[in-house]
Amino acid sequence: MPELPEVEALAHHLREHAVGRAVTRIDVVSLSVLKTVTPAYTELRGREITGVGRHGKHLDVECGDLHLIVHLARAGWLRWSDDLPAKPPAPGRKNPLALRTHLSADDAAADSGAAPRHVGFDLTEAGTKKGLAVWIVTDPAEVPSIAALGPDALDLDRDRLETLLTGETRRIKTVLTDQKTVAGIGNAYSDEILHTARLSPYATPARLTSEELDALFDALHGVLTAAVERSVGQDAARLKGEKRSGLRVHGRTGLPCPVCGDTVREVSFADKAFQYCATCQTGGKPLADRRLSRLVK
């Protein structure tokens, strides 16, 4: 799932390549991706892209007084192209393409007399579980999931983090990934933050000591800032690989922990899993994996 660093990198890429261009056409391949009806997506045609922002894990493409808001969900992605096909794509259940945005080409290309190029970006989604969502609104706060967001993870200071965690009895892993509490962190980076802070995913936030809160704050900002710095400037096609290469425990079940050498372990749920190092985070005690326990029985 794209999280804060990847969405920030995609926003940066669009600022570099899309801002200043006009929307010339939008091809909606999957109608279910559109979560708003008014304004219609056709109203974006002819509007110049004036900026690109981010709200948590939402991408905000500003087109004057309209906003094209995108949430990539678990398996969505944005792909930039300097040569989009001119022919509208055909819809189909197996087609990963959900929406294509055509933008005006460079003036130099048009002045050369060559055939006009179709530059722009595709929104795609792999798999059968479709969660990719697009809104067209006059105010990002009109999107319910944006209106409900907590403070952005990179805007938190240590005192604000402590305030958010005061009295919180849910597991720290759950709290970090709750977008209404902290915006931008998902499954992967919460694993990395907790590993760096040497905290159990099952730790109770309200019981953290002052030293543990310091470690959590430092890890949160350190992990996310480093990931943003690695990601920004990368070609969109390389971002997923860049994310994987920077992870120390997430997605590395069975491999040695790069800090202590212990085996990275996993706890599985119905549709997801998280990874941790028992030596670094839980005093050497493995966490119960309920799915595995059921299989053993």
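To start, this report covers the structure provided alongside it.

Definitions and limits used
Residues numbered from 1 in each chain as written. Predicted model: local features only at pLDDT ≥ 70, side-chain atom pairs only at ≥ 80, totals over all residues. Heavy atoms only, no water. Helix = DSSP H or I, 4+ residues; strand = E, 2+ residues; numbered from the N terminus. Rg over C-alpha atoms; globule rule 2.2 N^0.38 Å. Buried < 20%, exposed > 50% of the residue type's maximum accessible area, 1.4 Å probe, protein only. Contact = heavy atoms within 4.5 Å. Areas by Shrake-Rupley, 256 points an atom, 1.4 Å probe, with all protein chains shown as cover. Pairing = 2+ DSSP bridges. Axes fitted to C-alpha atoms, helices over the stretch in contact; angles between N-to-C directions. 1 Å grid on protein atoms, 1.4 Å probe; cavity = no way out; pocket = protein on both sides within 12 Å on 5 of 7 lines; lining within 4 Å. Points joined across faces, edges and corners; volume = space filled by probe spheres on them. Core = buried A, V, L, I, M, F, W, Y, C linked by side-chain atoms within 4.5 Å. Phe/Tyr/Trp six-rings, centres within 6.5 Å; stacked < 30°, edge-to-face > 60°. Salt bridge = Lys/Arg side-chain N within 4 Å of Asp/Glu carboxyl O. Arc of directions from axis to C-beta.

### Things to note about the overall build of the protein chain
On a plain count of helices and strands, the protein chain comes out with ten helices and ten strands. Here the protein chain has a C-alpha radius of gyration of 21 Å; the compact-globule value for 297 residues is 19 Å, and the two agree. The principal-axis extents of the C-alpha atoms in the protein chain amount to approximately 70 × 40 × 35 Å. Counting all 297 residues of the protein chain, 49% fall into the buried class. The long-range share in the protein chain, meaning contacts at least 24 apart out of those at least 6 apart in sequence, stands at 67%. Working note: accessible area of the protein chain is about 14500 Å², and carbon and sulfur atoms make up 51% of it.

### Observations regarding the sheet that holds strand β1 (residues 23-28)
If you trace the four strands from one edge of the open sheet to the other, you get β1-β6-β7-β5, paired in antiparallel fashion. Pairing within the sheet leaves two strands with one partner each, and these edge strands are β1 and β5 (76-81). Strand-to-strand twist of the sheet, defined as the mean angle between neighbouring strand axes without regard to direction, takes the value 15°. As defined by bridge partners, strand β6 (residues 97-103) adjoins strand β7 (residues 119-125) across six bridges and the pair is classed as antiparallel. Bridging from a neighbouring strand, Leu 97 pairs with Thr 124 of β7.

### Brief notes about the layout of surface pockets
Considered as a void within the structure, the largest pocket measures approximately 990 Å³ in volume. Forming the boundary of the largest pocket are 40 residues, of which Met 1, Glu 3, Arg 74, Asn 187 and Ala 188 lie nearest the centre. Contributing elements (two or more residues each) for the lining of the largest pocket: β5, α5 (172-176), α6 (187-197), α8 (239-245) and β10 (273-276). In terms of residue count, α8 provides more of the lining of the largest pocket than any other element does, three residues in total.

### A closer look at the nonpolar core
One finds Leu 14, Leu 44, Ile 49, Leu 59, Leu 68, Val 70 and Leu 123 to be the most contacted residues of the largest nonpolar core, which totals 34 residues. No other element matches helix α1 (residues 4-17), which puts five residues into this core. Not counting residues within four places of it along the chain, the set of residues in contact with Leu 44 comprises Val 23, Ile 26, Cys 63, Leu 66, Leu 68 and Ile 136. Ranked by size, the runner-up nonpolar core spans 27 residues in total, among them Leu 161, Ala 203, Leu 216 and Leu 247.

### Let's talk about the packing of aromatic side chains
Tallied over the full model, the rule gives three aromatic pairs. The interplanar angle of 75° and the centroid separation of 6.0 Å between the aromatic rings of Tyr 202 and Phe 274 together place this pair among those described as edge-to-face. In this pair, Tyr 202 is assigned in the loop between α6 and α7 (210-231) and Phe 274 in strand β10, connecting sequence segments 72 residues apart. Given the relative accessible area of 24%, Tyr 202 is considered partly exposed. An angle of 35° between the planes, with centres 6.0 Å apart, marks the rings of Phe 269 and Phe 274 as tilted. On the accessibility criterion, Phe 269 (35% relative accessible area) is partly exposed. Since its relative accessible area comes to 3%, Phe 274 is described here as buried. Three or more aromatic residues joined by ring pairs form one cluster here, namely Tyr 202, Phe 269, Phe 274 and Tyr 276.

### Points about the pattern of salt bridges
With the rule as written, the count across this model stands at eleven salt bridges. Its salt-bridge partner being Glu 162, residue Arg 158 comes within 2.5 Å of it at the nearest N-O pair. Remark: Glu 162 and Arg 158 occur in helix α4 (residues 158-165); sequence separation between them is four residues, near one turn of the helix. Here Glu 162 falls in the partly exposed class, since its relative accessible area comes to 34%. The salt bridge partner of Asp 178 is Arg 170, with a shortest N-O separation of 2.9 Å. Overlapping salt bridges, with partners in common, bring together Glu 8, Arg 15, Arg 54 and Asp 152 in one network.

### A look at α4
Among all positions in α4, only Arg 158, Leu 161 and Leu 165 are buried. Along the long axis of α4, the arc covered by the buried residues comes to 60°, so they all point the same way. Turned more than 90 degrees away from the buried face of α4 sit Asp 159 and Thr 163, all of them exposed. Looking at the packing, one finds that the buried side of α4 touches α5 and α7. Looking at the residues trailing α4, positive phi occurs at Gly 167, about 75°.

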